[in-house]
Each structure stands twice: as C-alpha cells, then as structure tokens.
Amino acid sequence: MTAGPLRVAIIGAGPSGFYAADHLLKQDRQVEVDLFDRLPTPYGLVRGGVAPDHPKIKSVTRVYEKVAAHPAFRFFGNVTAGRDVSADELRRHYHAVVWSVGAESDRTLDIPGEDLPGSHTATEFVGWYNGHPDFQNRRFDLTHEAAVVVGVGNVAMDVTRILASDPDDLAKTDITASALAALRASKVRTIHLLGRRGPAQAAFTNPELKELGELPLADVVVRPEDLELDPATVAALAASPDREAEKNLKTLRGFLERGVEGRPRRIELRFLTSPLRIEGDGRVERVIVGANRLEAGPRGVQAVATGAETSLPAGLVFRSVGYRALPVSGVPFDERRAVIPNRLGRVLAAAEGAEVPGFYVAGWIKRGPSGIIGTNKPDAVETVGSLLEDADAGALVEPAVTDRGAILALLEARGVEVVRWGDWQALDAHECAAGAVRGAPREKITDTGEMLAVIRRARQGT
Ligand code: NAP
C-alpha cells in the first residue's frame, strides 16, 4: 500500500488513457489521476481519427466526460511528456506513470515512388479532414480523376468513403470547413482500393464494407474473379470459420449482383493486387500493380506475386497499411514491434527484459495498432490491474515530491500553458456553437495557438 493516495500520471488522453483513469478512479481506495495530453484537446483518435460521418462512435466521449468529472481527476492538456516534463521528473511526482500515447506514425510500403508528391499516408489525410493541428498544412491535390487507396483495413474504408461521399452529407458532420471546401471542389471520380490478399483476408469489418454500398453518389465495382475462393482460403475457412469474412463475402457478392448503376463515382475493389511502384514525372501519375495468388504459409494465407503487372493511371495515392508507434524519450521501445515492451502492461527494459518499476503502458503503444475503441477498455483494465497489484505488494516507490500542486508549478515555471478541463469545456462550447451555424455538431479549431486564444478569452470572460 502507499502512504497517502495512490498518485498516477496517465500520458495520452485517448480512449486507453480515459479507460485507465476510469478504472483507477472506480477503485475502493484513494487514487488521484492526472491525465496529460500534448494537444490542448482530449480524446485522441476519437477526435482526430474517427471519421466525421461516424458520430455514434464519437459519442463515447460522454463516458469520458463522466470520468473527467471525478473530483480526483485533473486534465493537463498542451503538455508534451518527454519534452515539457521528462519521464524521470514524472517519476518524482507520481507513484506510477501509464503511457498511453497511441501510434502516431505509419507503416511504410517500401516501394519505389512512395514519396513522390501526390503519394500520402492515410493518416495525413485523416488528420487533415478531422482538424488535427499536425496535419493542417498538408495539401491534397484533388484535381485528379483517379486515386488509389492501398490497404483494405477500416482506415482505408474511411478514406475511400470520405472521397466518394456527397459533400452535402459531409457538411452535416464535424469535418473541417477547409476539408469540406476542398472535397466540394474534388474531381476524384474513381477510387481504386487495393487488397494484397483476397476478400476473405480483408481487415475491414462488415458494417464499414456495407457503408460503401450505401453511398448515394458511388457505384462499388467488384471483380468476379476476386470472389472465387482459392484452395488455401477454402481450407483456412474450413479449419477456422470466420464469421466476419463470411459476412464480407456475402456483401461483396451483393455488390457484384447489383452491378454498376451509372452513378458519378466508382469505387473499384481490386483484391490480390499489390502496388509495386508509384511512377510519374515529378509527381504521381500511375501506380504499377502486381497480381498475386494465395497460398498457405506459416502465418496463414499469404500473397505470392504471379509476375503479372498492370498500370493504373492515378494522380493521388493514399497508403493505408497500418499505423506505427513512435518512441517516447526516456521510455523503452521495441523497434521491431513498435511498442513499449511490456508484460501485462508493466513496462519492461527490453522485450523479455526486467520490469521498469512504476512505468505502465496501455492501448496501441502496448499491443500495436489494432482493435476498435472498445478494445482499449479491457486492455487498460489489465494494465491498471497490474499497477494495483504492484501498489498492494509495496512495489511502487513513494514520489519524492508530495505536494500535488508542484507539477503544475513546475510546468508553469517552464512557460507551459497548461490547459485544464474547464478550459477544454470552454473550447468545446465554442466549437459546438460555431458548428451550429452550418448545422454541424461542431466546427473544430485546427490550430493550437487559436485554441489557446479562445481558452484565454474564456478565462477572462470575454
Ligand atoms: P489494419 O486493420 O491493420 O489494416 C491494414 C491493411 O493494410 C490490411 O489490409 C493489410 O493487409 C494491408 N497492408 C499492410 N501492409 C501492406 C503492404 N505492404 N502492402 C499492401 N497492403 C498492406 O489497419 P488500419 O486500417 O490502419 O486500422 C487500424 C485499426 O483501427 C484496426 O483495428 C481498425 O479496425 C481500427 N479502425 C476501426 C474503425 C471503425 O471501427 N470504424 C475505423 C478506423 C480504424 P494484410 O492483412 O495482408 O496485412
């Protein structure tokens, strides 16, 4: 047990950070939680990643608001751990630190032309249309007729859907005003969606696939040959039935039966297709793709190149092949798996190494970039379980600094303008009022300086 209240810092105010805070504050013991975020705004990917046309998924923030209302909860936004306050300093102020910083970068394709102008990561596009301050200077040239989206996960579905949506429908969402204007002027009419394996191995979930078929302006084109299952897939499905894959195959067959109805945009699904090279004179003009066949491999059904190549003319490429976490200064990192090495959420000095006392990890930086928002709840509960077990076992070091106000004083002395929960509530109200003008749930402020200006005005009551 600890002498006074158990004091925990959580770094990263996305879903896993909030679920960790929630579980800690529900304990039948005195716990104080400080939740830090490098942005002035909370909610991580719920604000900056979840598609604007998925408001139901975003409504999970109501749960997080309840967590924030707990008297032992404090929010410290606009604070970058590892820069404004070091990992070692956090140790001096808290019994435990939970790192829940997510995965802020992307996997690469490692093919020629990947970095040509016009080739972007899905993350950049998603961050841009969702108003994430890091991505507002990105420009996407939507004057081209064709775009290629690489990967068939749910992020690829989001990107495809946003490109193919009716802008009048997007206007009713919290998509940023600048993204909406750009999408209204978009000339993109064909979106090629590339899956390197077959439809039975696609990473998207069925509701997201079905949504493509519900877009009023877009036909979904499926190649009949892609739906003929190969022997490796048939054997794999027989050995381990996969409900989601069956549902996806049924939906795709439905798209094929419906056929092309002459809508102004086309989503062309191409399975068994890998991008080999992105080519063009100073910018993306085409993607050379290779055909694959499937065979059973050590990690399941895998794609093998047949050698056949095709050129897909396109002016834009969105690489949507998964996120990748970045290391945090002062915290161990497993470069190979791109996670903080851990055992049941206890940070390890290296993969299979010794435990680092007082450091814990939750969410994508713990398990990798997979799962839906709700997946983070059991993940965070497991981590907090380990933390509480260690507290009970007397394995946590008493913080050197016992004054709860000292961390704020330290940050303020360094000139860090800490954003508190009340500040965020003022910003939230401002954004919602601004959104109401166009009939949208909110109009996000996309610049950190502007966010702070709104907060300062609210503090002064002006
Ligand atoms: P993901 O689900 O891991 O999908 C990545 C896709 O990229 C897979 O189709 C993968 O194919 C493909 N890929 C990887 N490397 C490739 C390569 N070198 N060449 C071609 N294709 C490659 O990742 P994500 O879409 O970024 O999503 C991340 C997580 O967020 C997922 O768990 C997702 O479900 C979740 N999410 C959920 C929602 C929602 O619930 N609506 C929305 C967005 C994201 P292979 O399978 O062959 O590796």
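Conventions we followed
- Residues numbered from 1 in each chain as written.
- Predicted model: local features only at pLDDT ≥ 70, side-chain atom pairs only at ≥ 80, totals over all residues.
- Heavy atoms only, no water.
- Helix = DSSP H or I, 4+ residues; strand = E, 2+ residues; numbered from the N terminus.
- Buried < 20%, exposed > 50% of the residue type's maximum accessible area, 1.4 Å probe, protein only.
- Contact = heavy atoms within 4.5 Å.
- Pairing = 2+ DSSP bridges.
- Phe/Tyr/Trp six-rings, centres within 6.5 Å; stacked < 30°, edge-to-face > 60°.
- Lys NZ or Arg CZ within 6 Å of the ring centre and 35° of its normal.
- Near = heavy atom within 4 Å.
- Polar contact = N/O pair within 3.5 Å; in protein donor to acceptor, adjacent residues only side chain to side chain.
- Areas by Shrake-Rupley, 256 points an atom, 1.4 Å probe, with all protein chains shown as cover.

Student: Can you walk me through the side chain of Glu 124 in this structure?
Tutor: Note on placement: Glu 124 falls in helix H6 (residues 122–129). The class for Glu 124 is buried, based on a relative accessible area of 16%. Apart from residues no more than four positions distant in its own chain, Glu 124 is found in contact with Phe 135, Arg 138 and Phe 140.

Student: Honestly, the pairing of strand S7 (residues 146–150) in this entry has me stumped. Any pointers?
Tutor: Working note: regular strand, side chains alternate between the two faces of the sheet. With five of five residues buried, S7 lies mostly within the body of the structure. Of the two faces of S7, the one holding Ala 146, Val 148 and Val 150 and the one holding Ala 147 and Val 149 are both buried throughout. Judged from the five bridges that link them, S7 and strand S8 (residues 190–194) form a sheet pairing that is parallel. When the sheet's bridge partners are listed, Val 149 is paired in S8 with Leu 193. Examined bridge by bridge, S7 and strand S14 (residues 316–319) share four bridges and lie parallel to one another. Across the sheet, residue Val 150 finds its bridge partner in S14, namely Arg 319.

Student: Hey, could you run me through the packing of aromatic side chains in this one?
Tutor: Each aromatic ring pair is characterised by the separation of its centres together with the angle its planes make. Inspection of the entire model under this criterion finds 20 aromatic pairs. Their ring planes at 85 degrees and their centres at 6.3 Å tell us that Phe 36 and Tyr 94 sit as a pair that is edge-to-face. Here Phe 36, found in strand S2 (residues 31–36), pairs with Tyr 94, found in the loop between helix H5 (87–93) and strand S4 (96–99); they are 58 residues apart in sequence, far enough to count as distant. In this pair, the class of Phe 36 matches that of Tyr 94, namely buried. One aromatic cluster in this structure is built from Phe 18, Tyr 19, Tyr 43, Tyr 64, Phe 73, Phe 75, Trp 421 and Trp 424. Looking at Arg 7, its charged tip hangs above the ring of Tyr 94, at a distance of 5.9 Å from the centre. Over the face of the ring belonging to Phe 359 we find Arg 91, whose NZ or CZ atom lies 4.1 Å from the ring centre.

Student: Which parts of the structure should I look at to understand the site of the ligand?
Tutor: Surveying the vicinity of the ligand reveals 21 residues, the closest of which are Asn 154, Arg 196, Arg 197, Glu 208 and Gly 371. Interatomic distance of 3.0 Å between a side-chain N/O atom of Asn 154 and an oxygen atom of the ligand. For the ligand, an oxygen atom lies 3.1 Å from a polar atom in the backbone of Val 155. Its free accessible area being 930 Å², the ligand has 80% of it covered by the protein chains.

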